[in-house]
Amino acid sequence: MQNIFESNIYFKSMVSCLVHEMAHIYGAPDHYHEWTNEEKTICRGGERCKTCHPDTGRSESCLMNVGWIDNIEVENKNTLFCEECIEDMKEYVAKCYKNK
Ligand SMILES: [Zn+2]
Ligand SMILES: [Zn+2]
Ligand SMILES: [Zn+2]
């Protein structure tokens, strides 16, 4: 068994997590399915959740849905995020420049 706390292995396994959290900084929202209350009426992903909204929800392969991708370094960088999350991040960055 590999030791996950060996620094390079730990870093490698954390990369997708860091990319996910960085994307939040740029305005991309979580859209994975997770009940946030005991009654199971409120989903974390809200309108964007594909499980709750199969027709209109965002792609489940998006990093903001899975939160974690093994071997992210070999994934196609152009398909890590769904179109909507990419638009959210573009809007956010555009706003940053507009206010300066
Ligand atoms: Zn998140
Ligand atoms: Zn949901
Ligand atoms: Zn997304």
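Thresholds, definitions, all that
- Residues numbered from 1 in each chain as written.
- Chains lettered and ligands numbered in written order.
- Predicted model: local features only at pLDDT ≥ 70, side-chain atom pairs only at ≥ 80, totals over all residues.
- Helix = DSSP H or I, 4+ residues; strand = E, 2+ residues; numbered from the N terminus.
- Buried ≥ 20, exposed ≤ 12 C-beta atoms within 10 Å, placed from the backbone.
- Contact = placed C-beta atoms within 7 Å.
- Core = buried A, V, L, I, M, F, W, Y, C linked by C-beta atoms within 7 Å.

Q: Summarise the overall build of the protein chain; cite the residues concerned and give the values.
A: Across its full length, the protein chain carries three helices and zero strands. For the protein chain, the α and β elements follow one another from N to C terminus as α-α-α. Here the C-alpha coordinates of the protein chain stretch approximately 45 × 40 × 25 Å along the principal axes. Scored against the burial criterion, the 100 residues of the protein chain give a buried share of 21%. Taking contacts inside the protein chain between residues at least 6 apart in sequence as the whole, the part at least 24 apart equals 48%.

Q: Residue-level account of the nonpolar core, with values.
A: Residues Ala-23, Ala-28, Cys-62, Leu-63, Met-64, Leu-80, Phe-81, Cys-82 and Cys-85 constitute the largest nonpolar core, which totals nine residues. Those residues within four positions of Ala-28 in sequence are excluded, and the remaining contacts are Ala-23, Met-64, Phe-81, Cys-85, Asp-88 and Met-89.

Q: Pulling in residues and values, what's your account of the environment of Pro-29?
A: With respect to the helices and strands, Pro-29 occurs in the loop between α1 (7-25) and α2 (63-66). Pro-29 gets classed as partly exposed once you count the C-beta atoms within 10 Å, which come to 16. Between the C-alpha atom of Pro-29 and that of Cys-52, which follows or precedes it by 23 residues, the distance is 16 Å. If near-sequence neighbours (up to four positions away) are discounted, Pro-29 is found in contact with Arg-48, Met-64 and Asp-88.

Shape is all these values report; function is a separate question.
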